[in-house]
Amino acid sequence: MPIKDTRFTRENGRVLMLGNEAIVRGCLEAGVSYVSQYPGTPTSDIGEYFHQILDSEPEMHKYLVHHWAVNEAVASSSCAGAAWTGVRALNPMKHVGLNVASDALSVIALNGPKPGGLVTVVGSDPGSLGSHQEQNERFYAWMFHLPTIEPHTPQECKDWIKLAFEISEKYDLVVNFRTSTRSAHSRGFVNLEPIIKGKEKGEFIRNIPKFNSLPPHAINNHIRLYERIEQLRKDIPELGFNTEFAGTNKIGIITSGMPFGYTMEALEQLGLRDVPVLKLGMIYPLNYEQIIKFLQALEKVVVIEELEPFLEMDIARIAHEHKIQVEVLGEKYFPKYNEFSTGLVATCLAKIYGKHPNDQMMKAIDYFNSYKDIVPSRFPTFCAGCPERATLYAILKATNHLDNTVICGDIGCYVMSFFPPQECSDLIICMSGGISAAIGMSTKTDQKVLAMIGDSTFFHTGMAPLAEAVGYDSNFLLIIFENSWTAMTGHQDDVLRYLSKSGFSIEKICRSIGVQWLRVEDSYNPKKLIKSIDEALNSKGLKVIIVKRECALQANRWRMSQIRSLETQGKRVQDVSYFIGGCQMCYECARILSCPAIRRVETDGIEEMQIDQDRCVKCGVCYEICPNGAIRKSVINALEGVEVPFREL
């Protein structure tokens, strides 16, 4: 019997937690009662944990609500609405999600969240570990005047998210809680404190000057925002976010977040134990007196931060304005791209301090780099049986491998389509950017233009550009992948799932918007899909093909659970398997469909393709597309057994 996870319900103790888990625990200790987010790495699992808690503790539903929003702008505005009734609201998102939320947050920050509290948790992604770019979203802190807290450990994640709500309520400010992929998913011990129940209900009290940022109130709110920020700036030393480590060296260091950990380890490895270090927990605003006092004792200060010089510019400005003769070093030595490591920081600091890295450190770096040769480099790929893989195969076949065809990609599992062997995505901008790009491109090229979008992205921001494409009768084909799940971020039971279960229809939406040329196809019937794509690309105007087939991971899980259930009842179940015999090595299944369940083997000195039965999900697409009929289908218990097909959407 599984052991119940009590880390989110215990009143005290010391437990092991990921940074994201610690944030959730801190919210429970802070009395948060409303959470809204669109899933996005590295913050998706914040919502997952809230749902796990609510499932295991049903009584919490009385005062705690978590919503999977349709997009980040909706989530931010929802959280503002909740905060304005006097409750504490949490708004997690990934770094590029802040772009979507920015329109709403620019105004919400002016208004302020009072009488409640509003904290955004923004997960940055240096190194683009789970994103299409590594945008340095910290600059939004300057533009919108969002006080920004950057934790390093899970304990800080838990403690500081509570402080963030206190600051938000006290100063009437939207507080930005910045994590990174590393801090969100690093594990450490966390000391627990009592849980506080959030408010079940609040009350909105009319205040037109505060909540309506239109002339003349917008200017007044802007002035008031500066006043609130400056008051917070003065109070920062009392809040306990920043820590100074004393030292006599005339070259000091200012850093924050994950780079702080790399810095301290690097200094130890270099034998630099006399370096003064200022660890910033709040990276905006900066307390002038604290920074000035630290700089005045130095000849040089090294600012260690990932990506563009956000802190470096502010610290250089403070030094210049207060006429402090200190050289500010940062981007001159440290890269402005990719995530840092202890080895990288140590190598850069060795140059600054005139140190030679010791043998132990160089061996560690060489050992780390040696894994690049040991571990083979692999492109990310689609799961076996993925309906999107089958659709890409149909696109390649219908276009003669993209001859005179441009593919406008989008955000979803299908971002992997630009990798070999498909190489079936020419551009990726942002959520629904593929449709928008296709609108402009199709007016200025005689090439065939095809855009792709997933069902979750379609609800996120895809309907508006589709309406424009209908209005101009833009000459391109849009393929909508309807797999019934927000698959790329972890199959959340979100708005998409709710709409799917309620019979909400993308087909009806397309028709109501005015799409005239519309087909609904199944990617597991590739020959028919190829014909539809070919017909669409050779027709003028806007065409839409909705490819309906459930995410293979979830479809196979459901199918296997049904089979197990029938077998426990003593019923015979049909078992389908596919195998290869007489292979001509045309590589249609391996290089064009590129299913990972099919591999090349050598048997008795003869090369052939083989289906890995442990990985095959029995979708049958390879059977349908093999040009030589070398893939055979076998059905056990064909006559008396119960057939359990994949469920239909």
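Structural data are supplied above this passage.
Residues numbered from 1 in each chain as written. Predicted model: local features only at pLDDT ≥ 70, side-chain atom pairs only at ≥ 80, totals over all residues. Heavy atoms only, no water.

The next thing to look at is the overall build of the protein chain. Summing up its helical and strand segments, the protein chain has 23 helices and 23 strands in all. On C-alpha atoms alone, the protein chain measures out to a radius of gyration of 28 Å, which is about the 26 Å that the 2.2 N^0.38 rule sets for 649 residues. When the 649 residues of the protein chain are sorted by exposure, 56% land in the buried category. In the protein chain, the share of contacts with a sequence separation of at least 24, taken over all contacts with a separation of at least 6, comes to 80%. As displayed, the protein chain offers around 29100 Å² of accessible surface, 52% of which is attributable to carbon and sulfur atoms. Placing the 68 positive and 76 negative side-chain charges of the protein chain at their respective mean positions leaves the two points 2 Å apart. (Helix = DSSP H or I, 4+ residues; strand = E, 2+ residues; numbered from the N terminus. Rg over C-alpha atoms; globule rule 2.2 N^0.38 Å. Buried < 20%, exposed > 50% of the residue type's maximum accessible area, 1.4 Å probe, protein only. Contact = heavy atoms within 4.5 Å. Areas by Shrake-Rupley, 256 points an atom, 1.4 Å probe, with all protein chains shown as cover. Lys, Arg positive; Asp, Glu negative; His and termini not counted. Charge placed at Lys NZ, Arg CZ, Asp CG, Glu CD.)

A separate point is the pattern of salt bridges. Pairs may arise between side chains of opposite charge once their charged atoms sit close together. Evaluated as defined, the whole model comprises 30 salt bridges. With its nearest N and O atoms 2.5 Å apart, the salt bridge here joins R182 to E339. Residue R182 is located in helix α7 (residues 181-185), and its partner E339 is located in the loop between β14 (327-329) and α13 (342-353); the two are separated by 157 residues in the primary sequence. We classify R182 as partly exposed; its relative accessible area is 36%. Overlapping salt bridges, with partners in common, bring together R25, E29, K158, D159, K162 and E193 in one network. (Salt bridge = Lys/Arg side-chain N within 4 Å of Asp/Glu carboxyl O.)

Turning to unusual backbone geometry, a few remarks are in order. Cis peptide bonds are those with omega within 30 degrees of zero, and the linkage from K114 to P115 qualifies with 15°. Along the polypeptide, P115 turns up in the loop between α4 (97-111) and β5 (117-124). Of the consecutive residues P420 and P421, the connecting peptide bond is found in the cis state with omega at 5°. Locating P421 in the fold gives a position in the loop between β15 (405-408) and α16 (433-444). The backbone of N338 shows a phi angle near 70°, a positive value even though the residue is not glycine. Turning to its location among the elements, N338 is positioned in the loop between β14 and α13. On the basis of relative accessibility, which here comes to 40%, the residue N338 falls in the partly exposed class. Located in the positive-phi region is M585, a residue other than glycine, with phi close to 55°. Along the chain, M585 turns up in the loop between β20 (575-580) and α22 (588-592).

Turning our attention to helix α17 (residues 455-472). Bending of α17 peaks at approximately 75° at the position of G462, with proline P465 no more than four residues after it. Residues D455, S456, T457, F458, F459, H460, G462, P465, L466, A469 and V470 constitute the buried set of α17. Just past α17, the residue D473 takes up positive phi, approximately 45°. (Bend = angle between axes of the 7 residues up to and from the residue.)

As for its placement among the helices and strands, D359 is situated in helix α14 (residues 359-374). Of the residues examined, D359 reaches a relative accessible area of 58% and is grouped as exposed. Along the chain, D359 and Q269 lie 90 residues apart, while their C-alpha atoms are 9.9 Å from each other.

This paragraph deals with the packing of aromatic side chains. Taken as a whole, this structure holds 16 aromatic pairs when the rule is applied. Where W160 meets F241, the ring centres are 5.2 Å apart and the plane angle is 80°; that geometry is what we call edge-to-face. Note that W160 is positioned in helix α6 (residues 154-171) and F241 in the loop between α9 (217-239) and β9 (243-245), a separation of 81 residues in sequence. Across the pair, exposure class does not vary: W160 and F241 are buried alike. Among the aromatic residues, ring-to-ring pairing joins W84, F204 and F211 into one connected group. Across the ring face of W517, the terminal group of R519 is positioned such that the distance to the ring centre comes to 4.0 Å. Lying across the ring of F646, R559 places its NZ or CZ 5.5 Å from the centre. (Phe/Tyr/Trp six-rings, centres within 6.5 Å; stacked < 30°, edge-to-face > 60°. Lys NZ or Arg CZ within 6 Å of the ring centre and 35° of its normal.)

Here the focus is the sheet that holds strand β16 (residues 448-454). For sheets, the rule is that strands pair by backbone hydrogen bonds, running either parallel or antiparallel. Strand order in the open sheet formed by five strands is β15-β16-β17-β19-β18, and the pairing between neighbours is parallel. Looking at strand neighbours, the two that pair on one side only are β15 and β18 (517-521), the edges of this open sheet. On average, adjacent strands in this sheet sit at an angle of 20° to one another, irrespective of strand direction. In terms of strand pairing, β16 meets strand β17 (residues 477-482) through five bridges, oriented parallel. Directly across from I453, in β17, lies its bridge partner I480. (Pairing = 2+ DSSP bridges. Axes fitted to C-alpha atoms, helices over the stretch in contact; angles between N-to-C directions.)

On to empty space enclosed by the protein, then. This model, assessed by the stated rule, comprises seven cavities of 30 Å³ or more. Together, 17 residues line the largest cavity, and G385, C595, C619, V621 and C622 are the ones closest to its centre. Counting residues per element, the ones that place at least two in the lining of the largest cavity are α15 (387-398) and α23 (621-625). For the lining of the largest cavity, a count of residues per class yields 14 nonpolar, two polar and one charged. (1 Å grid on protein atoms, 1.4 Å probe; cavity = no way out; pocket = protein on both sides within 12 Å on 5 of 7 lines; lining within 4 Å. Points joined across faces, edges and corners; volume = space filled by probe spheres on them. Nonpolar A, V, L, I, M, F, W, Y, C, P; charged D, E, K, R; others polar.)

What follows covers the nonpolar core. Formed by 84 residues in total, the largest nonpolar core has its most connected members in I395, F476, C510, I533 and V544. Counting residues per element, this core draws most heavily on α15, at seven residues. Discounting residues that sit within four places of it in the chain, V544 has contacts with L466, L477, L478, I480, C510, V515, W517, L518 and R519. (Core = buried A, V, L, I, M, F, W, Y, C linked by side-chain atoms within 4.5 Å.)

A few words now on a nonpolar patch on the surface. Nonpolar side chains collect at one region of the surface, where Y367, Y371, I374 and V375 lie side by side and expose about 420 Å² of accessible area between them. Residue position: I374 is located in helix α14. (Patch = residues over 30% accessible without salt bridge, like charges linked within 9 Å, V, L, I, M, F, W, Y side chains within 5 Å.)

If you trace the five strands from one edge of the open sheet to the other, you get β9-β11-β10-β13-β14, paired in mixed fashion. Among the strands making up the open sheet, the edge pair consists of β9 and β14. Neighbour-to-neighbour, the strand axes of this sheet turn through a mean angle of 20°, independent of strand direction. In the sheet, strand β13 (residues 300-304) pairs with β14 via three bridges, with the strands oriented parallel. The partner of K300 across the bridge, within β14, is E327. Across the sheet, α13 touches β10 (251-256), β13 and β14, and the angle it forms with β10 is around 155°.

In this section: the packing of helix α10 (residues 257-269) against α13. In the contact formed by α10 and α13, the axes pass within 8 Å of each other and the chain directions differ by 55°. In this view, α10 runs oblique relative to α13, as classed from their interaxial angle. With respect to the hand of their crossing, α10 and α13 are arranged in right-handed fashion. Contacts from Y262, T263, E265, A266, L267 and Q269 in α10 reach T342, V345, A346 and L349 in α13. Taken together, the residues of the contact of α10 with α13 break down into six nonpolar, three polar and one charged. (Parallel < 35°, antiparallel > 145°, perpendicular 65-115°, else oblique. Left-handed = near helix turned anticlockwise from the far one by under 90°.)

Inspection of the secondary structure puts R549 in the loop between β19 (543-548) and α21 (552-568). What makes R549 buried here is its relative accessible area of 10%. At 2.6 Å, the side chain of R549 and the side chain of D522 are in polar contact. In contact with R549, not counting residues within four places along its chain, are P387, E482, N483, D522, S523, Y524, F646, R647, E648 and L649. (Polar contact = N/O pair within 3.5 Å; in protein donor to acceptor, adjacent residues only side chain to side chain.)

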